[in-house]
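Structural characterization, general
Here are the chains, one letter per residue:
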Amino acid sequence: MRTRYAPSPTGPQHIGGIRSALFAWLYARRHGGQFILRIEDTDRKRTVPGSVKMILEAFDWLGMDIDEGPREGGALGPYVQSERLELYQTWAKWLVENGCAYKCFATAEELAAMRKAGGGYDRRYRDISAAKSADLEARGLPFVIRFKMPLTGLTVGKDLIRGEVEFANEQLQDAVLLKSDGYPTYHLAHIIDDHHMRISHVTRAIEWLPSFPLHIQIWNALGWEMPQFAHLPVLLNPNGKGKLSKRKEQFAGADGKSVPVLAREFIEAGYLPAAVMNFLSNIGWNYGDNEEIFSAAQAIERFDLKDVNPANSAYPIAKLDWLNSQYIQRADVAELCPLLKPILEKAGFEVDEARLQRVVPLLRVRLKSLKDVAPMAGFFFADWSAFKAPPAEILIQRKMDQKGTADILRGSIPLLRRLDTFDADTQHAAMREFAKATGYKNGQVFGSLRAAVTGQKVSPPTFETMEVLGQEESIRRIELALQSLSDETAG
RNA sequence: GGCCCCUUCGUCUAGCGGCCUAGGAUGCCACCCUUUCAAGGUGGAGACACGGGUUCGAGUCCCGUAGGGGCUACCA
């Protein structure tokens, strides 16, 4: 069992492509086969340098290992089409010699005129004599090689996902196999490569379905045994309108966050690779048992191309946020720390690793994205001496007023100062008692302290936070907050 | 325009003729819990596109219509 992912190196990797690759990879792994990466760089105009590197980075990050490819090598390489030109030319020539293809000398202008007239290429060179063809070639006219598509009859293709699909041959044109620059088109190249690389299952996006009959005819003309085909559904934009595009700005969510579409954007957005894998494999396929959270290893145990949903899907990006938070919650502190540290550093904080390890358990359940760590817990790593009391609108919580907040802060200080040990439990007990004595609700007391000490509306839990900050610093902050409240009263 | 594919809650999906008064998840809304956030718990609203068949019986099979997606390049 051998599957492949065969992208064109035209820039950053699109998540739609990654998902197609994922299905091919899962299938190969499920059956103990090989997963091959092949670069289809036959369009010289669109090829952008560095693309292969980006593709590889995406695969490495996700943990999708490649058995054969431009980096890995392999017995059936090279795995880059521009390095296999001779092969394509040989077989194109063979097809011409065997009457299955012909040289076409139509100029760009002629073609444009035909298109304008409607109907497309009119096969004007299909039946010219060998002598005439040779003559035109001898005169140095540029030409392409076109496939002689049967003019009548039906071609039926078998697709693993949707069964048999019928096409009337007359609907198809005589597709170009070899361009005038000597490069093959996709139609020719992928067949020759899939054959020579012994691909058993071709997975590709559904936009290839219309040219499936052409490919079947080429396989037949070549006399080769066809692999199995699965035309995969595609990802639609989050609103369900159109194929998922790279212009994701227009799909920014209510929170103003733009929707990640390119592979590297998932890294930048603070998603865990396991969450992304889970997310992607749960679109158009599902693990079963009403299980939403499953590992790649689990998916491998059950994946089958036959079970892929034939319908396209709107990109359910909101689910990724949820999945990511689930994965972060379940991750080990040891696993999270090295991921969080660079994010904090990039945000300008100097990270003490020991402190980070103490802090991570406090905020794990609050992170939807790794990137949330900076706004959520950055204050732990900031210069404490520069801490400023937050404004009144943060200090004074819901269902509280200025006086009440000040009362609570003022009353807490001596109690907190008196504590011999400053762990969270001890503080908690003391403050609970304080609430009881003063008649404030626990939440009012704890919440006011939270705001005073962290300066944030959303933060790690109050007492654990104060424990990390220490007695002296915590009290200092409460005093600062109290001071700013009083100043405001005075002003 | 022609051809092809697709169509279950807003969204991702389960369902492969009777187990469906259609299940799960997400999102949304309540309530509970709680260190008034988050997480967690409980509950709620929410779908078989429409019309014909076939069948004792249809979300499940067939046809049509509508809607969505794609292809129609010397791009992939």
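Everything that follows concerns the structure shown earlier in this document.
About the thresholds
Residues numbered from 1 in each chain as written. Chains lettered and ligands numbered in written order. Predicted model: local features only at pLDDT ≥ 70, side-chain atom pairs only at ≥ 80, totals over all residues. Heavy atoms only, no water. Salt bridge = Lys/Arg side-chain N within 4 Å of Asp/Glu carboxyl O. Helix = DSSP H or I, 4+ residues; strand = E, 2+ residues; numbered from the N terminus. Axes fitted to C-alpha atoms, helices over the stretch in contact; angles between N-to-C directions. Parallel < 35°, antiparallel > 145°, perpendicular 65-115°, else oblique. Left-handed = near helix turned anticlockwise from the far one by under 90°. Contact = heavy atoms within 4.5 Å. Nonpolar A, V, L, I, M, F, W, Y, C, P; charged D, E, K, R; others polar. Phe/Tyr/Trp six-rings, centres within 6.5 Å; stacked < 30°, edge-to-face > 60°. Buried < 20%, exposed > 50% of the residue type's maximum accessible area, 1.4 Å probe, protein only. Lys NZ or Arg CZ within 6 Å of the ring centre and 35° of its normal. Near = heavy atom within 4 Å. Polar contact = N/O pair within 3.5 Å; in protein donor to acceptor, adjacent residues only side chain to side chain. 1 Å grid on protein atoms, 1.4 Å probe; cavity = no way out; pocket = protein on both sides within 12 Å on 5 of 7 lines; lining within 4 Å. Points joined across faces, edges and corners; volume = space filled by probe spheres on them.

What to know about the pattern of salt bridges
All chains considered together, the criterion is met by 32 salt bridges. When the shortest N-O distance is used, the salt bridge between D60 and R71 registers 2.8 Å. Taken together, the residues span a long stretch of sequence, with D60 in helix 2 (residues 51-62) and R71 in the loop between helix 2 and helix 3 (85-97) at a distance of 11 residues. Salt bridges sharing common partners tie together R4, R38, E40, R84, D193 and D194.

Quick word on the packing of helix 6 (residues 186-196) against helix 7 (residues 212-222)
Axis separation between helix 6 and helix 7 bottoms out at 10 Å; the angle between their running directions is 55 degrees. Considering the angle they form, helix 6 stands oblique to helix 7. In this structure, the crossing between helix 6 and helix 7 has a hand that is right-handed. Seen from helix 6, the contacting residues are Y186, H187, H190, I191, D194 and H195; seen from helix 7, they are L214, H215, I218, W219 and L222. Partitioning the contact of helix 6 with helix 7 into residue classes produces 6 nonpolar, 4 polar and 1 charged.

Observations regarding the packing of aromatic side chains
Summed over all chains, the structure comprises 19 aromatic pairs. For the pair W91 and W224, a centre-to-centre distance of 4.8 Å together with 75 degrees between the ring planes defines the contact as edge-to-face. Of this pair, W91 sits in helix 3 while W224 sits in the loop between helix 7 and strand 9 (228-232), and the two are 133 residues apart along the sequence. Here W91 matches W224 in class, with each residue buried. Through a chain of ring-to-ring contacts, three or more aromatic side chains come together here, namely F23, Y27, W285, Y287, F294 and F303. A cation over an aromatic ring shows up here: R146 above the ring of Y121, its NZ or CZ 3.7 Å from the ring centre. Across from the ring centre of Y287, 3.9 Å away, lies the NZ or CZ of R302, which sits over that ring.

A look at the protein's contact with RNA strand B
Looking at RNA strand B, there are 64 residues lining it, with G284, S313, R366, G443 and F446 nearest. The share of sugar and phosphate among atoms of RNA strand B within 4 Å of the protein is 71%. Backbone polar atom of S180 to a base oxygen of RNA strand B: 2.8 Å apart, as the coordinates give it. Looking at the surface near RNA strand B, the elements that each hand over two or more residues are helix 4 (108-117), strand 4 (144-147), strand 6 (163-168), strand 11 (313-314), helix 11 (317-330), helix 18 (442-454) and helix 19 (462-469). Of the residues contributing to the surface near RNA strand B, the split by class is 24 nonpolar, 22 polar and 18 charged.

A few points about the layout of surface pockets
Quantified by volume, the largest pocket comes out at close to 1,100 Å³. Residue lining of the largest pocket: 38 residues in total, with A6, P7, S8, E207 and W208 positioned closest to the centre. Among the secondary structure elements, those contributing two or more residues to the lining of the largest pocket are strand 1 (2-5), helix 1 (15-30) and strand 8 (201-205). Examining the composition of the lining of the largest pocket, we find that 5 residues originate from one element, helix 1, more than from any other. Here the lining of the largest pocket is built from residues that sort into 13 nonpolar, 13 polar and 12 charged.

Description of the environment of A382
Counting through the fold element by element, A382 comes out in the loop between helix 14 (373-377) and helix 15 (392-395). The exposure class of A382 is partly exposed, given its relative accessible area of 31%.

Notes on empty space enclosed by the protein
Under the definition given, this model contains 1 cavity of 30 Å³ or more. L22, L26, M277, N278, S281, F294, S295, A296 and A299 are the residues that line the largest cavity. For the lining of the largest cavity, the element with the most residues is helix 9 (residues 273-281), which contributes 3 residues. Considered class by class, the residues forming the lining of the largest cavity number 6 nonpolar, 3 polar and no charged.

Describing the packing of helix 3 against helix 6
Helix 6 packs onto helix 3 with a crossing angle of 105 degrees between their chain directions and a minimal axis gap of 10 Å. Relative to helix 6, the element helix 3 lies roughly perpendicular. Mapping the contact onto sequence places L87, Y88, W91, A92 and L95 in helix 3 and L188, A189, I192, D193 and H196 in helix 6. For the contact of helix 3 with helix 6, the per-class residue count stands at 8 nonpolar, 1 polar and 1 charged.

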